[in-house]
Amino acid sequence: MDDSPFDEALPLDGVVGNLEDLVEVPPIGEGVLEVFVSGDAVSGSGAVGLARDLEQLVHEFVRRSGSIRAEGTRVPETPRSGEDEELDIALHGLGLDPDAETELHHLIRGRILGYLAGGEEGR
Amino acid sequence: MTVCVTADYLDLRSRYPVLDPRRIAGAYPFGFGYPFARDEVSIYVERRPGPSGCQMEVVLESAPGLNKKGILAWNFHGHTFVDYVGNRAGDETSMVIRKEGIRGRACGTGTDTVVLGRWDLDPVGWQAQYYFPPQDFWDFWGGCKVTFEWTTDRRGSGLSGTQTPQPTYPGVRKPDYTLMRKDETLRGIEFTSLFLVVGGAAFPIYEGEMGASSASPSIIPFESLPSTPADGTLVRQTNIEEVDVIYGGYPFPISDPQTLYGLGFDWRQVREIPSGGLKQLPGMPIDGTLLKQQKGTPRFEGPRHTFPGPAGGGDPEVYLVDNQQLRHVTSTEAMEENCLPWRHVRTVPEHTLASLEPGPDL
């Protein structure tokens, strides 16, 4: 006899996607821009606030540039900042031209340095 | 000192919700059904020893005949995977992943989430199919062994992540006050046992107790259910005044109405359980439970099952149940270094932690 665990259904504690609720699901967008922030220099709650701030910054920037692509997940990896070892910025799928990307790098860098300076003053 | 910033445009159609074991009745291990768009996967989550939620053991098991499946440890910063398990010949089927963004580690070296994928030949490489939102992925399953049983790729829900309903909590399989009947024959003698469901847990109940009747028209056949109610369940044993709130399967006594209201509850939420029902609950909350004692004059603030953390203006005096001991998490840094999510901290009545077995500070 086969002892495979697949031979017998085990009781489950939860199921994702209740079929009875399907018709209730509202249509929502297919893609979303997300910004993640981590590292030694930012604390957990501070990182959340900074990430929201940067997300708004990037949102506004790409909206202004009007160059975001709907199918952006296949864009080649963007070169990292390289100018400052403490600040590592990676932008993916935004579909920006090189000049716009450089500008966005500078804006993000400025915002983070401002955040770090504010943190130092607060200590 | 480093800061890692990643901006990525993510496809929501491939993103599926993460189920939170802490808000589901019962104790580890938990089994979850995941009908993805074109595949069915069962996911089993069990806690690993130790206080840290920064690591996770990921295991892939596949049904016979199912191949070219993989689970990729994905890093958004590097826009690539840092490790993987698969079911092709020679692939590892188990890996331990570490959360991205842990202090002292370089950007792009950890794992933000896992991507379930298949191996394609044109173009050659892993084709991403499904992934989980990173925050929930680590908050809910960090510190656990997570086994993915890939059952089939011949059927699925037909629903993308955006069409899949979000989980609802508390996670219970039967509604409160469901009455179940179990008929057994022991040494030729027939027995009938009754069970009452509260907070997703089954409590044995005597015929006639709380009006329970084996002849009730609404009674259903017995189904195996957890023995501990979901977090935030309020229970009162019949004919006893004391009310308890359940967190981590453990009952914390609420001394008076003011305390109950101060915790954000309402008397209408209190559920009556059979006499002696509390005896089936464990002597300590389950490992991984995060607790904080209510302090000061209680006042009504609405339901408060979660604690926003220091940024919310609260007191970061948090305790973790680890190895069945209560350990004081001494600082915000200790919370972060051990990847302990503030959203899981439950507020319990003042002085109720004193009866729990103490352990070393964290």
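A short tour of the structure in this document, coming up. Treat the numbers as computed from the prediction; the structure is a model and nothing was measured.

1. Quick look at the environment of Tyr130 of chain B
All names here are of chain B.
Here is step 1 of the chain: If you trace the backbone, Tyr130 turns up in strand 9 (residues 124–131).
Here is step 2 of the chain: For the pair Tyr130 and Ile71, spaced 59 residues apart in sequence, the C-alpha to C-alpha distance is 9.5 Å.
Here is step 3 of the chain: Of the polar contacts made by the side chain of Tyr130, one reaches the backbone nitrogen of Arg38; its length is 3.1 Å.
Here is step 4 of the chain: Here the side chain of Tyr130 touches Asp39 through a polar contact of 2.4 Å, side chain to side chain.

2. Focus on the pairing of strand 22 (residues 345–348) of chain B
All names here are of chain B.
Here is step 1 of the chain: Neither face of strand 22 is left uncovered, since the one carrying Val345 and Thr347 and the one carrying Arg346 and Val348 both have all their residues buried.
Here is step 2 of the chain: Looking at chain direction, strand 19 (residues 290–293) and strand 22 are connected through four bridges and run parallel. Considered in strand 22, the bridge of Gln293 is made with Val348.

3. Considering the sheet that holds strand 1 (residues 3–11) of chain B
Here is step 1 of the chain: Ordered in space as 2(A)-1(B)-3(A), the three strands form an open sheet in which the pairing is mixed. Each edge of the open sheet is held by one strand with a lone partner, namely strand 2 (31–38) and strand 3 (87–92) of chain A. Taken over all neighbouring pairs, the strand axes of this sheet differ in orientation by 10 degrees on average, direction set aside.
Here is step 2 of the chain: Pairing between strand 2 of chain A and strand 1 of chain B: eight bridges, direction antiparallel. When the sheet's bridge partners are listed, Val37 of chain A is paired in strand 1 of chain B with Val5 of chain B.

4. With respect to the state of the cysteines
All names here are of chain B.
Here is step 1 of the chain: Applying the stated rule across the entire model yields two disulfides over all chains.
Here is step 2 of the chain: Shown here is the disulfide that connects Cys4 with Cys107, its sulfur atoms set 2.0 Å apart. Every disulfide takes its handedness from the sign of the S-S torsion; for Cys4 and Cys107 that torsion is -80 degrees, giving left-handed. Pair noted here: Cys4 is in strand 1 and Cys107 is in the loop between strand 7 (94–98) and strand 8 (113–121), with a separation of 103 residues, a long-range link. Exposure class is identical for Cys4 and Cys107. Each is buried.
Here is step 3 of the chain: Covalent S-S linkage joins Cys54 and Cys339, the inter-sulfur distance amounting to 2.0 Å. On the S-S bond that ties Cys54 to Cys339, the torsion sits near 100 degrees, and the link is right-handed. Of this pair, Cys54 sits in the loop between strand 3 (40–47) and strand 4 (55–62) while Cys339 sits in the loop between helix 3 (332–337) and strand 22; the two residues are 285 residues apart in sequence, bridging distant segments of the chain. Each member of the pair, Cys54 together with Cys339, is buried.
Here is step 4 of the chain: Sequence-ordered numbering of the disulfide-bonded cysteines in chain B gives the connectivity 1-3, 2-4.

5. Points about helix 1 (residues 134–141) of chain B
An α-helical segment advances 3.6 residues per turn. Residues three or four places apart therefore align on the same side.
Residue and element names in this part refer to chain B.
Here is step 1 of the chain: Counted residue by residue, helix 1 has six buried out of eight residues, so it is predominantly covered.
Here is step 2 of the chain: When we look at burial in helix 1, the residues that qualify are Pro134, Phe137, Trp138, Asp139, Phe140 and Trp141.
Here is step 3 of the chain: Downstream of helix 1 by one or two residues, Gly143 has phi in the positive range, about 80 degrees.

6. What about the side chain of Thr147 of chain B?
Residue and element names in this part refer to chain B.
Here is step 1 of the chain: Tracing the chain through its elements places Thr147 in strand 10 (residues 144–152).
Here is step 2 of the chain: By relative accessible area, Thr147 is classed as buried at 7%.
Here is step 3 of the chain: Excluding its chain neighbours within four sequence positions, the residues that come into contact with Thr147 are Ser42, Ile43, Tyr44, Val59 and Glu61.

7. Brief notes about the packing of aromatic side chains
Here the distance between the centres and the angle between the planes together describe a pair of aromatic rings.
Residues and elements named next belong to chain B.
Here is step 1 of the chain: The full count for this structure, using the stated rule, is 21 aromatic pairs over all chains.
Here is step 2 of the chain: Their ring planes at 55 degrees and their centres at 5.7 Å tell us that Tyr84 and Trp126 sit as a pair that is tilted. A residue pair is termed long-range when its members are at least 10 positions apart, and Tyr84 in strand 6 (residues 80–86) and Trp126 in strand 9 qualify at 42 residues.
Here is step 3 of the chain: On the accessibility criterion, Tyr84 (26% relative accessible area) is partly exposed.
Here is step 4 of the chain: Each residue in the set Tyr16, Tyr28, Phe30, Phe32, Tyr34, Phe36, Tyr130, Phe132, Phe137, Trp138, Trp141 and Phe148 is aromatic and connected to the rest through ring pairs, giving one cluster.
Here is step 5 of the chain: Over the ring of Trp119 we find Arg88, and its NZ or CZ is 4.1 Å from the ring centre.
Here is step 6 of the chain: A cation over a ring is seen here: Lys182 above Phe222, with NZ or CZ 4.5 Å from the ring centre.

Conventions we followed
- Residues numbered from 1 in each chain as written.
- Chains lettered and ligands numbered in written order.
- Predicted model: local features only at pLDDT ≥ 70, side-chain atom pairs only at ≥ 80, totals over all residues.
- Heavy atoms only, no water.
- Helix = DSSP H or I, 4+ residues; strand = E, 2+ residues; numbered from the N terminus.
- Polar contact = N/O pair within 3.5 Å; in protein donor to acceptor, adjacent residues only side chain to side chain.
- Buried < 20%, exposed > 50% of the residue type's maximum accessible area, 1.4 Å probe, protein only.
- Pairing = 2+ DSSP bridges.
- Axes fitted to C-alpha atoms, helices over the stretch in contact; angles between N-to-C directions.
- Disulfide = S-S within 2.5 Å.
- Contact = heavy atoms within 4.5 Å.
- Phe/Tyr/Trp six-rings, centres within 6.5 Å; stacked < 30°, edge-to-face > 60°.
- Lys NZ or Arg CZ within 6 Å of the ring centre and 35° of its normal.

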